[in-house]
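Results of the structural survey
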Amino acid sequence: GPKKMATPVEILPRTFARLEEGEEFSVLQWNNLADGLLDSFVKIPQDALQWSHRVKITQAEYLRWNADIVFAEEVNHPDLVRSTLEPLGFACFHMPKPNSVATTFGYPPDGVMLCYRKSKFTSLFHEPRRENLCNTNQVALLDVLVPVSHPDRRVIVAVTHLKAGHNPEFEELRLRQAAFLLQKIDHLAGEIAGDDAAAASKISAILGGDMNAVPTVESIQTLLRANSLSRLSAHGLVNTYAQAEQAGAYHPEAGTHWTTWKYRESSGMVKRCIDYLMYTPATSGGGLRLCAVSPPPLAADVGPDGLPSMKAASDHIPICATFKFC
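Here the structure is a predicted model, which is why all the values come from computation and not from measurement.

Conventions used here
- Residues numbered from 1 in each chain as written.
- Predicted model: local features only at pLDDT ≥ 70, side-chain atom pairs only at ≥ 80, totals over all residues.
- Heavy atoms only, no water.
- Helix = DSSP H or I, 4+ residues; strand = E, 2+ residues; numbered from the N terminus.
- Rg over C-alpha atoms; globule rule 2.2 N^0.38 Å.
- Buried < 20%, exposed > 50% of the residue type's maximum accessible area, 1.4 Å probe, protein only.
- 1 Å grid on protein atoms, 1.4 Å probe; cavity = no way out; pocket = protein on both sides within 12 Å on 5 of 7 lines; lining within 4 Å.
- Points joined across faces, edges and corners; volume = space filled by probe spheres on them.
- Nonpolar A, V, L, I, M, F, W, Y, C, P; charged D, E, K, R; others polar.
- Pairing = 2+ DSSP bridges.
- Contact = heavy atoms within 4.5 Å.
- Axes fitted to C-alpha atoms, helices over the stretch in contact; angles between N-to-C directions.
- Disulfide = S-S within 2.5 Å.
- Patch = residues over 30% accessible without salt bridge, like charges linked within 9 Å, V, L, I, M, F, W, Y side chains within 5 Å.
- Areas by Shrake-Rupley, 256 points an atom, 1.4 Å probe, with all protein chains shown as cover.
- Salt bridge = Lys/Arg side-chain N within 4 Å of Asp/Glu carboxyl O.

With that settled, the discussion passes to the overall build of the chain. A tally of regular secondary structure across the chain gives nine helices and 16 strands. In terms of overall size, the chain behaves like a compact globule, its C-alpha atoms giving a radius of gyration of 19 Å where 326 residues would be expected to give roughly 20 Å. Seen through its C-alpha atoms, the chain measures out along the principal axes to roughly 55 × 45 × 40 Å. Looking at the chain as a whole, 55% of its 326 residues qualify as buried.

By volume, the largest pocket amounts to about 840 Å³. Lining the largest pocket we find 37 residues, and of these Glu74, Ala164, Gly165, Asn212 and Arg264 sit closest to its centre. For the lining of the largest pocket, the secondary-structure elements that each account for two or more residues are helix H5 (168-193), strand E12 (260-264) and strand E13 (268-272). Looking at the lining of the largest pocket element by element, the count peaks at three residues for H5. Looking at the lining of the largest pocket, its residues break down into 13 nonpolar, twelve polar and twelve charged.

With the exception of glycine, the majority of residues adopt a negative phi angle, and the majority of peptide bonds are in the trans configuration. Leu307 connects to Pro308 through a cis peptide bond whose omega is -5°. Here Pro308 is to be found in the loop between helix H9 (299-302) and strand E16 (319-325). In this structure, Asn66 is a non-glycine residue whose phi angle is positive, near 50°. Topologically, Asn66 is positioned in the loop between helix H2 (51-65) and strand E3 (69-75). Under the relative-accessibility criterion, Asn66 is labelled partly exposed at 23%.

Let's shift gears to the sheet that holds strand E2 (residues 25-31). Overall, mixed pairing links the seven strands, which are arranged E1-E15-E16-E2-E3-E5-E4 in an open sheet. Whereas interior strands pair on both sides, the edge strands pair on one side only; in this sheet they are strand E1 (17-18) and strand E4 (90-96). Of the strands in this sheet, E2, E3 and E16 are in contact with H2, which crosses E2 at around 155°.

What follows concerns the state of the cysteines. Here the structure, examined in full by the defined rule, presents zero disulfides. Counting only cysteine sulfurs, Cys115 is the nearest neighbor of Cys92, a cysteine outside any disulfide, at a range of 3.7 Å. Residue class for Cys92 comes out buried when judged on its relative accessible area of 9%.

Attention now moves to a nonpolar patch on the surface. Together, Val101, Phe105 and Tyr107 make up a nonpolar patch on the protein surface, roughly 290 Å² of accessible area in all. With respect to the secondary-structure elements, Tyr107 resides in the loop between helix H4 (101-104) and strand E5 (111-117). The exposure class assigned to Tyr107 is partly exposed, which follows from its relative accessible area of 34%.

Before going further, it helps to examine the pattern of salt bridges. Taken as a whole and judged by the stated rule, the model has 18 salt bridges. Among the salt bridges present, the one from Arg18 reaches Glu23, with a minimum N-O distance of 3.0 Å. The salt bridge partner of Asp152 is Lys202, with a shortest N-O separation of 3.3 Å. Here Asp152 is found in the loop between strand E8 (139-147) and strand E9 (154-161), whereas its partner Lys202 is found in the loop between helix H6 (197-200) and strand E10 (203-210), with 50 residues between them in sequence. Residue Asp152 is classed as partly exposed on the basis of its relative accessible area, which comes to 42%. Salt bridges sharing partners connect three or more residues here, namely Arg18, Glu21 and Glu23.

It is worth stressing that arrangement in space is one thing and function is another; only the former is reported here.
Written as structure tokens, this is what we have:
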């Protein structure tokens, strides 16, 4: 489970909902909330928004989960993540957005990060593939990892942050971005396995990201469609939160899981699920099984004003899941 650590800062209590024993590795997905994009959080005390405070709780959060693979978005201080994870033996990669809003306020550009523990995984490539999604401002990092404990297996990992915004035009763009990303994952599977079905059965995929869309909309449904990844034996991605709920491993408080909870003057209170950790489940040939996933914090722990807070560096929660090979 999450590491108990002696830390001068307090972070929100979290737990794991367990489906199975025997976990072999863990994956963290987290939108860090870019430095400089904080003006709209009107109910949050200024002390909680100071970067000097957020540095401490961001580091504490990464160390608490101690995950083997990390997907992060809205990172505009990649050196903070590197200085936290590289001493633990991680390879860390950052891809900034071409035109980050943060730069207009005089802050570094935000982007996505992909990190992995080198004692557990090696990369098939020298470094991750960098993708610009459909010539937009949204980006993704993709890599093929080889588990040291299972050298015949391949895990395609991808992190992204899809277009934000509520209007239909933006959802249409997210739909195209999601389809583009699936195509890239499928293409990587083809690069690795060609038409060899036995080789393809050794490939799994894990996707993490802030998709800026709730589970019911078309862009997310596209990612979760059964035949979305034709070259992978599992043929599609599963949402870890939804699987844990269906398995009865946890029952969401107030009946719905959420990954971001914030109060803004313009939009009021927004509490919804837009961040995802998805993976291709095991089939007869092998693959991954979900062992555990971290439910959202309890409302009583968050408090009435939502996130960020003195105990939470971001308006999004980290999602951590553990997996085993089979």
